[in-house]
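A closer look at the structure
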Amino acid sequence: EAGVTQFPSHSVIEKGQTVTLRCDPISGHDNLYWYRRVMGKEIKFLLHFVKESKQDESGMPNNRFLAERTGGTYSTLKVQPAELEDSGVYFCASSQGVTQYFGPGTRLLVL
Amino acid sequence: QQQVKQSPQSLIVQKGGISIINCAYENTAFDYFPWYQQFPGKGPALLIAIRPDVSEKKEGRFTISFNKSAKQFSLHIMDSQPGDSATYFCAARPGYGGSQGNLIFGKGTKLSVKP
């Protein structure tokens, strides 16, 4: 069974540009989470989808971040416009029960 | 405010030794405490997890010790091997309201096991 996949694996953009990250959860998992780790800090929760609905988006930093989950399958996280402090590793995780399975992450660098 | 505090930040252990990583939390509503292992270039992978009604859980060389009254839990890696070299994260899950899903992580411990 395929695990959680994320695309791209790396992204380098300039401040003010737009970047869209994609996550494909494990097939059949209703829960999808986005997390972010800024260098040297803890992995921080961003938001949680149950199917196509946002269950909890309390961790989203500001309105430059927009997450969607089309038809309850894959999810995208768009950052527009990107700022320097948005650099970090963005992880996606999915679950059907209590265990969350993480993807390899997208390493975003904003210059 | 960091809700889960993890120590040490880094740890060097000789092959065959015991690696111990500690975490402390404040929120008594947390109901699930997993440990994740992350290798470079990979995402975190669940290693072992415990609920607060259990004081210890062992899976192979990995043991979680849980002290509910002290609000602390720790990971013990027995007979540490070079292949255990990775970053380890403790986490906790709030078991209430709309936040039942998200995990709150510690800052991570980079473990190096020397041959």
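The rules behind the values
Counting starts from 1 at the beginning of each chain's written sequence and moves along it residue by residue. In the order they appear in the text, chains get letters beginning with A and ligands get numbers beginning with 1. Two thresholds apply to this predicted model, a pLDDT of at least 70 for residue-level local features and 80 or more for giving and counting side-chain atom pairs, whereas whole-chain, interface and lining totals are computed over all residues. By convention in this description, side-chain values take in all heavy atoms of the structure and omit both hydrogens and water. Centres within 6.5 Å are what make two rings of Phe, Tyr or Trp a pair, Trp counting through its six-membered ring; a difference in plane orientation under 30 degrees is then read as stacked, over 60 as edge-to-face, and the rest as tilted. Three labels apply to residues, based on accessible area from a 1.4 Å probe with only protein chains included: buried if under 20% of the type maximum, exposed if over 50%, partly exposed otherwise in between. Strands qualify as paired when DSSP identifies two bridges or more between them. Here a strand is any run of E in DSSP of at least two residues, a helix any run of H or I of at least four, and the numbering for each starts at the N terminus. As a rule, the C-alpha atoms of each element are fitted with a line to give its axis, helices using only the stretch in contact, and angles between N-to-C directions run from 0 to 180 degrees. Salt bridges are identified by distance alone: a Lys or Arg side-chain nitrogen within 4 Å of an Asp or Glu carboxyl oxygen. Take the buried residues of types Ala, Val, Leu, Ile, Met, Phe, Trp, Tyr and Cys, join any two whose side-chain atoms come within 4.5 Å, and each joined set is a nonpolar core. In this description, a disulfide is simply a cysteine sulfur pair whose atoms lie within 2.5 Å.

Scanning the model with the defined rule gives 19 aromatic pairs over all chains in all. For the pair F30 of chain B and F33 of chain B, a centre-to-centre distance of 6.4 Å together with 75° between the ring planes defines the contact as edge-to-face. Taking the relative accessible area as the measure of exposure, F30 of chain B reaches 3% and is therefore buried. Grouped by ring-pair contacts, the aromatic residues Y33, Y35, F45, F91 and F102 of chain A together with Y36, F89 and F105 of chain B constitute a single cluster.

Before going further, it helps to examine the sheet that holds strand β1 (residues 4-7) of chain B. Residue and element names in this part refer to chain B. If you walk across this open sheet you meet the five strands as β1-β3-β8-β7-β6, and the pairing is antiparallel. Either end of the sheet is taken by a strand with one partner, and the two such strands are β1 and β6 (56-59). This sheet shows a mean twist of 15° between the axes of neighbouring strands, independent of strand direction. Bridging between strand β3 (residues 19-25) and strand β8 (residues 72-77) involves six bridges; their strand directions are antiparallel. Its bridge partner lying in β8, S19 is registered against I77.

Scanning the model with the defined rule gives ten salt bridges over all chains in all. Taking the shortest distance from any N to any O, the salt bridge between R36 of chain A and D86 of chain A comes out at 4.0 Å. Separated by 50 residues along the polypeptide, R36 of chain A in strand β4 (residues 31-37) and D86 of chain A in the loop between β8 (75-79) and β9 (88-95) bring together distant segments of the chain. Assessed through its relative accessible area of 15%, R36 of chain A is described here as buried. In this structure, R61 of chain B and D84 of chain B form a salt bridge, with 2.8 Å as the shortest nitrogen-oxygen distance. Highlighted residues: R61 of chain B in the loop between β6 and β7 (62-67) and D84 of chain B in the loop between β8 and β9 (86-94), separated in sequence by 23 residues. On the accessibility criterion, R61 of chain B (27% relative accessible area) is partly exposed. By sharing partners, the salt bridges in this structure join R36, R64, E85 and D86 of chain A into a single network.

Let us look at the nonpolar core. Formed by 25 residues in total, the largest nonpolar core has its most connected members in F33, W35, F73, L75 and Y88 of chain B. If you list the elements that add at least two residues to this core, you get β2 (10-14), β3, β4 (30-38), β5 (45-50), β7, β8, β9 and β11 (109-114) of chain B. If you tally residues by element for this core, the top one is β9 of chain B, at four residues. Of all hydrophobic cores here, the second largest spans 21 residues; its members include I13, F65, Y90 and V110 of chain A.

Counted by the stated rule, this structure contains two disulfides over all chains. The side chain of C23 of chain A participates in a disulfide bridge whose partner is C92 of chain A; the two sulfur atoms lie 1.8 Å from each other. Taking the sign of the S-S torsion, -60° for the link of C23 of chain A and C92 of chain A, the bridge is left-handed. Remark: C92 of chain A occurs in strand β9 and C23 of chain A occurs in strand β3 (residues 19-24); sequence separation between them is 69 residues. Note on accessibility: C23 of chain A and C92 of chain A belong to one class, buried. With its sulfur 1.8 Å from that of its partner, C23 of chain B forms a disulfide with C90 of chain B. Its S-S torsion of approximately -95° makes the covalent link between C23 of chain B and C90 of chain B left-handed. In this pair, C23 of chain B is assigned in strand β3 and C90 of chain B in strand β9, connecting sequence segments 67 residues apart. The exposure class assigned to C23 of chain B is buried, which follows from its relative accessible area of 2%. Judged by its relative accessible area of 0%, C90 of chain B falls in the buried class.

Once that is clear, we can look at the sheet that holds β8 of chain A. All names here are of chain A. The four strands lie next to each other as β1-β3-β8-β7, forming an open sheet whose pairing is antiparallel. Looking along the sheet, the strands with just one partner apiece sit at the ends: β1 (5-7) and β7 (65-69). Averaged over all adjacent pairs, the angle separating strand axes in this sheet is 15°, with direction ignored. Looking at chain direction, β7 and β8 are connected through five bridges and run antiparallel. Residue F65 lies in a different strand from β8, and its bridge partner there is V79.

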